[in-house]
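These are the residues of each chain, in order.
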Amino acid sequence: TKFFLWLLTNDADLTKDNLIKRKWSGTPACYFCNFDEDIHHLFFQCSTAKAVWAIVAHAIGANNIPRSFDQCWNWCEHWLPAGKQFHTLGIAAICWAIWKTRNEICFEGKKITNPITIICFACSLMCY
């Protein structure tokens, strides 16, 4: 959990922008929406990521969504002040579910029709 978040917060993951920096010749388009994929886009700016965060926001009674990793920590502290021990796990589960779904689209040709499937996967991770 912490290693995955470290990769994300240090922009060390293998999003398409980082692959291109390593001479990968593929397209930079996001698998969810076709805008260029980078870490901020994939987890916070993409329409699919926004929908995922909006569902989470609704579930916890928040009236906004985080737009970056930095905002995410403050957002959790504001909307879940009594759940501080779960912030890291929750953020990691949501981001891992987005990442895993992105990879299933990329490598397995999976189709996503509803962002709720990403939330369900994140919730299943938190139950273990």
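Residues numbered from 1 in each chain as written. Predicted model: local features only at pLDDT ≥ 70, side-chain atom pairs only at ≥ 80, totals over all residues. Heavy atoms only, no water.

A.B. asks: I tried to follow the overall build of the protein on my own but got confused; where do I start?
C.D. replies: Summing up its helical and strand segments, the protein has seven helices and zero strands in all. In sequence order, the protein lays out its α and β elements as α-α-α-α-α-α-α. For 128 residues, the compact-globule estimate of 2.2 N^0.38 gives 14 Å, and the C-alpha radius of gyration of the protein, at 14 Å, lies within 12% of that figure. A principal-axis box enclosing the C-alpha atoms of the protein has dimensions of 45 × 30 × 30 Å. By the burial criterion, 40% of the 128 residues in the protein qualify as buried. Look at the contacts in the protein between residues 6 or more apart in sequence, and 47% of them connect residues 24 or more apart. Distance between charge centres in the protein, computed from 12 positive and 10 negative side chains, equals 2 Å. (Helix = DSSP H or I, 4+ residues; strand = E, 2+ residues; numbered from the N terminus. Rg over C-alpha atoms; globule rule 2.2 N^0.38 Å. Buried < 20%, exposed > 50% of the residue type's maximum accessible area, 1.4 Å probe, protein only. Contact = heavy atoms within 4.5 Å. Lys, Arg positive; Asp, Glu negative; His and termini not counted. Charge placed at Lys NZ, Arg CZ, Asp CG, Glu CD.)

A.B. asks: What is the right way to read the pattern of salt bridges from this model?
C.D. replies: Working definition: two side chains of opposite charge can pair if their charged atoms are close together. Applying the stated rule across the entire model yields four salt bridges. Across the pair glutamate 37 and arginine 102 runs a salt bridge, and its minimum N-O distance is 2.8 Å. Here glutamate 37, found in the loop between α2 (16-21) and α3 (39-45), pairs with arginine 102, found in helix α6 (residues 87-108); they are 65 residues apart in sequence, far enough to count as distant. Both residues of the pair, glutamate 37 and arginine 102, count as buried. Across the pair glutamate 104 and lysine 110 runs a salt bridge, and its minimum N-O distance is 2.9 Å. For glutamate 104, a relative accessible area of 16% corresponds to the buried category. For lysine 110, a relative accessible area of 36% gives the class partly exposed. (Salt bridge = Lys/Arg side-chain N within 4 Å of Asp/Glu carboxyl O.)

A.B. asks: Which parts of the structure should I look at to understand the packing of helix α4 (residues 47-60) against α6?
C.D. replies: Each pair of packed helices can be described by the angle between their axes along with the distance between the axes. Put simply, α4 and α6 touch, their axes get as near as 11 Å, and they point 145 degrees apart. As for how α4 packs across α6, the hand of that crossing is right-handed. Contacts between α4 and α6 pair Ala49, Val52, Trp53 and Val56 from the former with Ile94, Cys95 and Ile98 from the latter. (Axes fitted to C-alpha atoms, helices over the stretch in contact; angles between N-to-C directions. Left-handed = near helix turned anticlockwise from the far one by under 90°.)

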